[in-house]
Amino acid sequence: MKPIQLFLIIAASAISTTGAISLHKRQDGGDPRVLSLGLQRSRIQDPVAHDRNRLRRRSGSIDVDIDNEQTLYFFNASLGTPKQSFRLHLDTGSSDLWVNTLDSELCSAASNACAETGTYDANSSSTYEYVGSYFNISYADGSGAAGDYVTDTFRVGSTKIANLQFGVGYESTSDQGVLGIGYNANEVQDDVVGKSTYNNLPAKMAADGLIASNAYSLWLNDLDSDTGTILFGGVDRAQYEGDLVSVPVEKNGGVYSDFFITLTGLSLGSTSLGDDLALAVLLDTGSSLTYLPDSITETIFEEVDAEYQESEGIAYVSCSLASESGNLTFKFSDPAEIVVPISELVIDILQVTGRRPSFNDGSDACMFGIAPASGTNVLGDTFLRSAFVVFDLANNEISLAQSNFNVTKTDIVEITSGGNSVPSATAAENPVSAESGIASGVETEAGSGAAVVSPSSSGMVWVGVVTLVLVFVGSLA
Ligand SMILES: *[C@@H]1O[C@H](CO)[C@@H](O)[C@H](O)[C@H]1NC(C)=O
Ligand SMILES: *[C@@H]1O[C@H](CO)[C@@H](O)[C@H](O)[C@H]1NC(C)=O
Ligand SMILES: *[C@@H]1O[C@H](CO)[C@@H](O)[C@H](O)[C@H]1NC(C)=O
Ligand SMILES: *[C@@H]1O[C@H](CO)[C@@H](O)[C@H](O)[C@H]1NC(C)=O
Ligand SMILES: *[C@@H]1O[C@H](CO)[C@@H](O)[C@H](O)[C@H]1NC(C)=O
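Numbering of residues starts from 1 in each chain and follows the order in which that chain's sequence is written. Chain labels run from A onward and ligand labels from 1 onward, assigned in the order the entries are written. Side-chain atom pairs in this predicted model are given and counted only at pLDDT of 80 or more, local residue features only at pLDDT of at least 70, and totals for whole chains, interfaces and linings cover all residues. Side-chain numbers here rest on the full set of heavy atoms in the structure, without hydrogens or water.

Below, the discussion takes up the pairing of strand β17 (residues 271–274). Here, a strand pair is defined by DSSP locating no fewer than two bridges between the strands. Numbering of helices and strands runs from the N terminus; a helix is a DSSP stretch of H or I covering at least four residues, while a strand is a stretch of E covering at least two. When strand β16 (residues 265–268) meets β17, the two strands line up antiparallel, connected through three bridges. Looking across to β17, one finds that L268 is bridged to T271. The loop that links β16 with its antiparallel partner β17 comprises two residues; one of these, G269, has a positive phi angle of about 55°.

In this description, a disulfide is simply a cysteine sulfur pair whose atoms lie within 2.5 Å. Scanning the entire structure with this criterion turns up two disulfides. Disulfide pairing is shown between C107 and C114; the S-S distance is 2.0 Å. On the sign convention where negative means left-handed, the S-S torsion of about -75° between C107 and C114 marks this disulfide as left-handed. The residues C107 and C114 share a single accessibility class, namely buried. A sulfur-sulfur distance of 2.1 Å marks the disulfide that ties C319 to C366. Taking the sign of the torsion about the S-S bond as the criterion, the disulfide between C319 and C366, at about 105°, is right-handed. Here C319, found in the loop between β21 (314–318) and β22 (327–331), pairs with C366, found in strand β25 (residues 365–368); they are 47 residues apart in sequence, far enough to count as distant. Of the two residues examined, C319 and C366, each falls in the buried class. Each residue is assigned to one of three classes by its accessible area relative to the maximum for its type, calculated with a 1.4 Å probe on protein chains only: buried under 20%, partly exposed between the two thresholds, exposed over 50%.

Attention shifts here to the site of ligand 2. Neighbouring residues of ligand 2: A122, N123, Y128 and Y170. When ligand 2 is considered free in solution it has 360 Å² of accessible area, and contact with the protein chains removes 34% of it. Throughout, the ten residues Ala, Val, Leu, Ile, Met, Phe, Trp, Tyr, Cys and Pro are labelled nonpolar, Asp, Glu, Lys and Arg are labelled charged, and all others, Gly among them, are labelled polar. Looking at the shell around ligand 2 residue by residue, the classes come out as three nonpolar, one polar and no charged. Distances are taken per atom, and a residue is near a molecule or strand as soon as one of its heavy atoms is within 4 Å of it. Each accessible area is a Shrake-Rupley result for a 1.4 Å probe, and residues are judged covered by the shown protein chains and nothing else.

Turning to the sheet that holds β25, a few remarks are in order. The antiparallel open sheet is built from four strands, whose spatial order is β20-β21-β25-β24. Each edge of the open sheet is held by one strand with a lone partner, namely β20 (307–309) and β24 (346–347). In the sheet, β24 pairs with β25 via two bridges, with the strands oriented antiparallel. Along β25, the bridge assignment pairs V346 with F368. Packed on one face of the sheet, helix α5 (residues 294–304) meets β20, β21 and β25 and runs near 155° to β25. Note on definitions: a residue-residue contact is assigned when non-hydrogen atoms from the two residues lie within 4.5 Å. To obtain an axis, a line is fitted to C-alpha atoms, over the contacting stretch when the element is a helix, and the angle between two such axes runs from 0 to 180 degrees between their N-to-C directions.

Take the UniProt feature "active site" (unreviewed entry) in the protein next. In this numbering, the UniProt entry assigns the feature "active site" (unreviewed entry) to D91 and D284. Taken together, the annotated residues stretch across 194 residues yet fold into one region, lying no more than 6.8 Å apart by C-alpha. Here D91 lies in strand β4 (residues 84–91). Relative accessible area serves as the criterion here: at 0%, D91 is assigned to the buried category. Inspection of the secondary structure assignment puts D284 in the loop between β18 (279–283) and β19 (290–292). Classification of D284 by relative accessible area gives buried; the value is 0%. UniProt positions are given in the numbering used here, feature names are shortened, and annotations may be inferred rather than shown by experiment.

A separate point is the confidence of the model for the protein. The quantity called pLDDT is the predictor's confidence in a given residue, expressed from 0 to 100. With 77% of its residues at a pLDDT of 70 or more, the protein shows a mean pLDDT of 78. Counting contacts from residues 442–477, a segment whose pLDDT is below 50, to residues more than four positions away or on other chains yields 128 contacts.

What follows is about the pattern of salt bridges. In what follows, salt bridge is the name for a side-chain nitrogen of Lys or Arg lying within 4 Å of a carboxyl oxygen of Asp or Glu. One pass over the structure, following the stated rule, counts five salt bridges. In this structure, K204 and D208 form a salt bridge, with 3.2 Å as the shortest nitrogen-oxygen distance. In this structure, R237 engages D411 in a salt bridge whose closest nitrogen and oxygen atoms are separated by 3.3 Å. Placement of the pair is R237 in the loop between β12 (234–236) and β13 (240–248) and D411 in the loop between β29 (397–403) and β30 (412–416), with a sequence separation of 174 residues. Given a relative accessible area of 28%, R237 falls into the partly exposed group. Here the salt bridges do not stand alone but share partners, grouping D348, R356 and D364 into one network.

Centres within 6.5 Å are what make two rings of Phe, Tyr or Trp a pair, Trp counting through its six-membered ring; a difference in plane orientation under 30 degrees is then read as stacked, over 60 as edge-to-face, and the rest as tilted. Applying the stated rule across the entire model yields 15 aromatic pairs. Relative to F391, the ring of F259 has its centre 4.8 Å away and its plane inclined at 65°; by these criteria the two rings are edge-to-face. One end of the pair, F259, is in strand β15 (residues 255–263); the other, F391, is in strand β28 (residues 387–392), and 132 residues separate them in sequence. F259 gets classed as buried once you look at its relative accessible area, which sits at 1%. The exposure class of F391 is buried, given its relative accessible area of 0%. Arranged with centres 4.9 Å apart and planes meeting at 70°, the rings of F330 and F383 form a pair that is edge-to-face. Taken together, the positions of F330 in strand β22 and F383 in helix α6 (residues 381–384) put the pair 53 residues apart, joining distant regions of the chain.

Below, the discussion takes up the nonpolar core. Throughout this description, the term nonpolar core refers to a set of buried Ala, Val, Leu, Ile, Met, Phe, Trp, Tyr and Cys residues connected via side-chain atoms within 4.5 Å. Core analysis: the biggest nonpolar cluster contains 77 residues, and F154, L283, F330, F332, F368, F383 and I398 have the highest contact counts within it. Contact partners of L283, with chain neighbours within four places excluded, come to T92, F259, I261, L379, F383, L384, V389, F391 and I398. F260, L289, I347 and A373 belong to the second-largest nonpolar core, a separate cluster that totals 18 residues.

Here it is as structure tokens:
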């Protein structure tokens, strides 16, 4: 399905990888410069679920006739002086922070749609500064938010960041404030508007010296847990098992704009689903599910006896699969490998009635954590929970290790800048370049040098307000 692309360009550039991340205790014995944030996984009712079109479509083929519940990772932060509180959705698949205002049609409606996530009032903040009126982030179907870019003080925990740029949605069709923490090149300002980039949150933390390098690590813990951690500037060595292995990020359209890495193999127990893959896959916390090529997904569905509902683009499995011991093993450039227990792919959901869906024979049906991509391949939360992942934007590398579920102790080290030898992370020796699944080559239009793919055309730059959806299907009920 995917066209063969100009991967030679990518191959050439991917070879010049830098050293892996450096992890160090502070030389002066001081505390590491890191910021640890607790993440909360919440199931939320979607107050605007009647507007089905706002669901992000990963491809034209996913026909959403469902839903009003999603599971996403959130954390609390504030903007402005005095503080205005927000619950922000953490998204590695986009790069802008944006929040709603009370004045938008959506938020000012009687339903009070934005009350829980928070709204921003520029005139009530003494530290607000106007930047420009060209903020406009879009879903694949054209919904999203538009308004001003501004700067203001951002606070999270005891950390204060002055003059952080973000978008304010004076027009909005999404009630969720989002904190995109991807590459600057994926910002609306650069990618869509064509102006130069600004430092988004992780880049600004590095520029301000709050962390030593633009890098953070993510530990979502297992499916049964409602909390996880993002650690800006550091790695918690207690949160993973075995070694951290670093693989290069793949350029997208000639620039580092998204967290694409190369999937080289996949197996389910002893059954290989692909040995010699060179497939670009996007690491995206904003996606509740994992999306793999249709042919691979089909084989997995057969192996686990999943029933695919084409109208929703989602498959269901017997809930009893959760107690089976099999594994789905994702291989990346050797020796990077993540084992996802099958139990992590069996998602318990409830219908609007409060009951589990069931198959015709009366047995309980659970949502399956993998769906056909029919487009961009995404390793979403059903993959990410099994992994400990370091997003090293400074060195364009991703480091992966097997997550240590439910760990309570910590062993935090700082990620320093530069490419020193790394006791805790080993670079894959022969990194494999992606040959499909990504826009390759360089931009042909004159000008910005920005990514070829824009949020509205790719459908994956903007965050997933999609995803874990509550299903209410006649055929299952
Ligand atoms: C975020 O704030 C809400 C509302 O104040 C609170 O209920 C919730 O526990 C907070 N979450 C975290 C992770 O601090
Ligand atoms: C701030 O208040 C002034 C005066 O009421 C108004 O004209 C302006 O549009 C407001 N600005 C914003 C960003 O809300
Ligand atoms: C934002 O972009 C969308 C899609 O490109 C466009 O339809 C919409 O009119 C824009 N909104 C504003 C306020 O510029
Ligand atoms: C982690 O803790 C949760 C309870 O909070 C439990 O349900 C789950 O089985 C534990 N996971 C592992 C791998 O021990
Ligand atoms: C699944 O992987 C885990 C961890 O690597 C291993 O301990 C377990 O034996 C595997 N289960 C099966 C059925 O292969």
